[in-house]
Amino acid sequence: EYDRKWWKEAVVYQIYPKSFQDSNGDGIGDLNGILQRLDEIEALGINVIWLSPVYKSPNIDNGYDISDYREIHTDYGSMADMELLIKEAEKRNIKIIMDLVINHTSDQHPWFQASRDPKSPYRDYYYWHKSKNGGLPNNWTSFFGEKCWEYDALSDEYYLHLFAKEQPDLNYHSAKVLAEIKDIMRFWLDKGVAGFRCDVINIIYKSSLEDGKKKLILTGSEHYLSQEGNHAILRELRHDVLKGYDCFTVGETVFVTPEMGNALCAPEREELDMIFSFEHMETDQYIVKWFKKKFNSDTFAKVISKWQNTVDWNAIYFENHDQPRSVSRFGNDQKYWDKSSKLLATLLFTLKGTPFIYQGQEIGMTNFDYKDMSELRDIESFNIEKLARKLHIPKSYIWKMMKRCSRDNGRTPMQWTREKNAGFTDGTPWIQLNKNHIKINFQDQDHSSNSILNYYRKMIKLRAENHILIYGEYKLHKASKNIFIFSRQLNQDKITIILNFSIRTQTVNATGNVLVSNYDKQYFDGILLPYEAVVLKSKK
Ligand code: ISL
Ligand code: CA
């Protein structure tokens, strides 16, 4: 028999609260808005909601810069609203996991403010260092295209920040920091949350602050990527906190190979339960995401396959709040918008692992239709634009980079209706809606049996009813000529998934009874239409 776990059988829905549903007309999504949409989430077949940060925060990085881990941002509501949301979700058998952002805090966090005084007991909560030879303490570079050190006049020293300068890194060499984090985790677990999505969790421990080997990106990263000390912290959190609760963790882990992935989430390691790996999301880029190459579905399929074969249980995802929309990226958001959205859904729910849907993905939302920088809101985009201008990259090319790669592609408000502001808000949205909400919206799709939304519902139901799609062994059959074929096997049963990632009609050799087809085929004759996806059932 296989190792049954509720979080393996679950389908997770990620909510980016700011862009999901506004309930009070201030243009910002909020907790009450989520509450109003719980029925829709339940009807989709969701078992777990991952809530992107709703804590108190100056929102320099939309909540990934926390100034109080035990308070709700007033934009989103109150702690009472949060408790009600947990309770109402539970009534619908939906659990909630929180975003745990512990690599850094906000520079407005009281710990950081106190730590600016060299004599403060909070001084060692962060990395404070003197200038070295008149320059910065080391040569590291940040995730957002800047230097990693910021000068603070109050203490005449620099502090480390791997992300924006408003996000100082916590120092895990201090036992006090880890003790604080454990308390914060218990605080939320005691409130009834069912676990955490752990932000950049494999870089929290810096083994040394020495200069790094000069690299095109992230100089210095060999001193903090998945260090032994990082593994030790994860085991300690598991042992001292998580073990006492019925919960799970999914780690956002950057720059990991399948082998490193195993070291982070194999069950016997007792660290994380699953991870978001990035390799498949990086198949359409050169070195950094800002330099895109043409999407190649064969490479994509091979990378996915490699992970399926190496890591026993992983998070399956094609979108989140940091990524452009999958249909615009891996599918075709024009003529084959419907078919390719459904093809990607077919893949999402038939791979081995826990599937994560990002809000709007279930209705095939696409990248933004903005015209210039003034419509963007993301700090990463602003910093990269600044850097690109400094490097004399032509303005028109910079805008092209933004259009394809900006994180705001995934942050346009949820398209609920065809009306003005798409039912997201009665006020002025904090970020512009995509004008295509007239064509792409929840309400229309809810009423159309053939919609992408109803295809998602069907696939989620199919997965829930067929343990073979959850626990079955994965096997690759073909990843070439834009055709991806794999199977899942359990006991005597076999399910074969056949995907045509192209606009060409192609033929393949496969037989079985049709379980699902994005062309509503009743039987399969080996001919694959553009972006066709078909799931066949047979005996081994
Ligand atoms: O978004 C990325 C690429 O554009 C990633 O490099 C991203 O910065 C990285 O995956 C870490 O992301 C997480 O931590 C960041 C935050 O800005 C992201 O929203 C979050 O998902 C810092 O907390
Ligand atoms: Ca609001």
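All figures in this text were calculated on a predicted structure; none of them were measured in a lab. (Residues numbered from 1 in each chain as written. Chains lettered and ligands numbered in written order. Predicted model: local features only at pLDDT ≥ 70, side-chain atom pairs only at ≥ 80, totals over all residues. Heavy atoms only, no water.)

(A) Looking closely at the coordination of the calcium ion (ligand 2). Taken together, the protein ligands of the calcium ion (ligand 2) are Asp-22 (OD), Asn-24 (OD1), Asp-26 (OD), Ile-28 (O) and Asp-30 (OD), with distances of 2.3 Å. On the primary sequence, the residues serving as donors to the calcium ion (ligand 2) are separated as D-x1-N-x1-D-x1-I-x1-D. (Donors = N, O, S within 2.8 Å, 3.2 Å for Na, K, Ca; no water.)

(B) Quick peek at the sheet that holds strand 9 (residues 195-198). With respect to topology, eight strands assemble into an open sheet ordered 11-10-9-5-2-1-15-14, the strand pairing being parallel. Since the sheet does not close on itself, it has two edges, and those belong to strand 11 (274-276) and strand 14 (315-316), each with one partner. As judged from the three bridges shared by strand 1 (residues 12-15) and strand 15 (residues 354-358), these two strands associate in the parallel manner. Bridging from a neighbouring strand, Tyr-13 pairs with Ile-357 of strand 15. (Pairing = 2+ DSSP bridges. Helix = DSSP H or I, 4+ residues; strand = E, 2+ residues; numbered from the N terminus.)

(C) Geometry of helix 4 (residues 79-91). Here helix 4 contains 13 residues, and its C-alpha end-to-end distance of 19 Å stays within 8% of the 18 Å for a straight helix at 1.5 Å per residue. Along helix 4, the positions that sit buried rather than exposed are Asp-81, Met-82, Leu-85, Ile-86, Glu-88 and Ala-89. Residues of helix 4 that are buried make contact with helix 2 (31-36), helix 3 (38-44), strand 2 (48-51), strand 4 (68-72), strand 5 (95-100) and helix 6 (175-190). A positive phi of about 60 degrees marks Asn-93, the residue just after helix 4. (Expected span 1.5 Å × (residues − 1). Buried < 20%, exposed > 50% of the residue type's maximum accessible area, 1.4 Å probe, protein only. Contact = heavy atoms within 4.5 Å.)

(D) Molecular detail of the sheet that holds strand 20 (residues 513-517). Taken together, the five strands give an open sheet; going across it, the order is 16-17-18-22-20, and neighbouring strands pair in antiparallel fashion. This sheet does not close on itself; its edge strands, each paired only once, are strand 16 (473-480) and strand 20. Direction aside, the axes of adjacent strands within the sheet are offset by 20 degrees on average. Bridging between strand 17 (residues 483-490) and strand 18 (residues 493-500) involves eight bridges; their strand directions are antiparallel. Its bridge partner lying in strand 18, Phe-486 is registered against Ile-497. Its contacts with the sheet put helix 9 (residues 297-310) on strand 16 and strand 17, and the angle it makes with strand 16 is roughly 160 degrees. Each of strand 17, strand 18 and strand 22 (533-539) is contacted by helix 11 (residues 337-350), which is oriented at about 150 degrees to strand 18, the strand it contacts most. (Axes fitted to C-alpha atoms, helices over the stretch in contact; angles between N-to-C directions.)

(E) Local environment of a nonpolar patch on the surface. Judged by side-chain polarity, Leu-216, Tyr-286, Ile-287, Phe-291 and Tyr-397 come together as a nonpolar surface patch covering roughly 550 Å² of accessible area. Following the sequence through the fold, Tyr-286 ends up in strand 12 (residues 285-286). Tyr-286 sits in the partly exposed class, given a relative accessible area of 48%. (Patch = residues over 30% accessible without salt bridge, like charges linked within 9 Å, V, L, I, M, F, W, Y side chains within 5 Å. Areas by Shrake-Rupley, 256 points an atom, 1.4 Å probe, with all protein chains shown as cover. Salt bridge = Lys/Arg side-chain N within 4 Å of Asp/Glu carboxyl O.)

(F) View of the pattern of salt bridges. Evaluation of the coordinates by the stated rule reveals 49 salt bridges. In this structure, Asp-3 and Lys-5 form a salt bridge, with 3.1 Å as the shortest nitrogen-oxygen distance. On the basis of relative accessible area, Asp-3 is assigned to the partly exposed category, the value being 42%. Residue class for Lys-5 comes out partly exposed when judged on its relative accessible area of 30%. Lys-176 is paired through a salt bridge with Asp-124; the nearest N and O atoms lie 3.3 Å apart.

(G) The pairing of strand 5, seen in detail. Burial runs high along strand 5: five of the six residues are buried. The pairing of strand 2 with strand 5 spans four bridges and is parallel. The residue bridging Val-48 from the neighbouring strand is Lys-95, located in strand 5. Sheet analysis places strand 5 next to strand 9, joined by three bridges and oriented parallel.

(H) Main features of the nonpolar core. With 167 residues, the main nonpolar core has Leu-51, Met-82, Met-98, Tyr-172, Phe-196, Leu-347 and Ile-357 as its most contacted residues. For Leu-347, the contacting residues outside a window of four places in its chain are Phe-300, Ile-304, Phe-318, Phe-484, Phe-486, Leu-499 and Phe-501. Listed in part, the nine residues of the second largest apolar core include Ile-485, Val-508, Phe-524 and Leu-536. (Core = buried A, V, L, I, M, F, W, Y, C linked by side-chain atoms within 4.5 Å.)

(I) Representation of the site of ligand 1 in the model. Lining the immediate surroundings of ligand 1 are 18 residues, of which Asp-61, Asp-199, Glu-252, Lys-289 and Asp-322 lie closest. Between His-104 and ligand 1, the recorded distance is 2.9 Å, taken from a side-chain N or O atom to an oxygen atom. At a separation of 2.5 Å, an oxygen atom of ligand 1 approaches a polar side-chain atom of Asp-322. Taking 490 Å² as the accessible area of ligand 1 by itself, protein coverage stands at 93%. Classifying every residue of the shell around ligand 1 gives seven nonpolar, two polar and nine charged. (Near = heavy atom within 4 Å. Polar contact = N/O pair within 3.5 Å; in protein donor to acceptor, adjacent residues only side chain to side chain. Nonpolar A, V, L, I, M, F, W, Y, C, P; charged D, E, K, R; others polar.)

(J) Molecular detail of the side chain of Asn-138. Inspection of the secondary structure assignment puts Asn-138 in the loop between strand 6 (128-129) and strand 7 (149-152). Given a relative accessible area of 5%, Asn-138 falls into the buried group. Only 2.6 Å separates the side chain of Asn-138 from the side chain of Trp-149, close enough to count as a polar contact. Filtering out sequence-adjacent residues up to four positions away, Asn-138 remains in contact with Trp-149, Leu-209, Glu-210 and Asp-211.

(K) Geometry of the side chain of Glu-319. In this fold, Glu-319 is placed in the loop between strand 14 and helix 10 (326-329). At 2.7 Å, the side chain of Glu-319 and the side chain of Arg-325 are in polar contact. Looking at Glu-319, its side chain comes within polar contact range of the side chain of Ser-326, at 2.6 Å.

(L) Looking closely at the packing of aromatic side chains. On inspection of all chains with the given rule, the structure shows 37 aromatic pairs. Summarising the aromatic geometry, the rings of Tyr-13 and Phe-20 are spaced 6.2 Å apart at their centres and angled 70 degrees between planes, so their arrangement reads as edge-to-face. The pair formed by Tyr-13 and Phe-20 is uniform in burial state, with each residue classed as buried. Residues Phe-143 and Phe-163 carry aromatic rings whose centres are separated by 4.4 Å and whose planes lie at 25 degrees to one another, so their mutual orientation is stacked. Placement of Phe-143 in the loop between strand 6 and strand 7 and of Phe-163 in the loop between strand 8 (157-160) and helix 6 is noted, with a sequence separation of 20 residues between them. This pair shows no difference in class: Phe-143 is buried, exactly as Phe-163 is. Within the aromatic cluster, the residues linked to one another by ring pairs are Tyr-55, Tyr-69, Trp-111, Tyr-122, Tyr-125, Phe-187 and Trp-188. (Phe/Tyr/Trp six-rings, centres within 6.5 Å; stacked < 30°, edge-to-face > 60°.)

(M) Structural context of helix 12 (residues 379-390). Its 12 residues give helix 12 an end-to-end C-alpha distance of 17 Å, which sits within 8% of 16 Å, the value for a rise of 1.5 Å per residue. Those residues of helix 12 that fall on the buried side of the exposure criterion are Ile-379, Glu-380, Ser-381, Asn-383, Ile-384, Glu-385 and Ala-388. Turning to helix 12, the residues buried within the fold contact strand 13 (288-292) and helix 13 (395-405). In this structure Asp-378 caps helix 12, since a side-chain oxygen of it lies 3.2 Å from the backbone nitrogen of Glu-380. The first or second residue beyond helix 12 is His-392, which carries a positive phi of 60 degrees.

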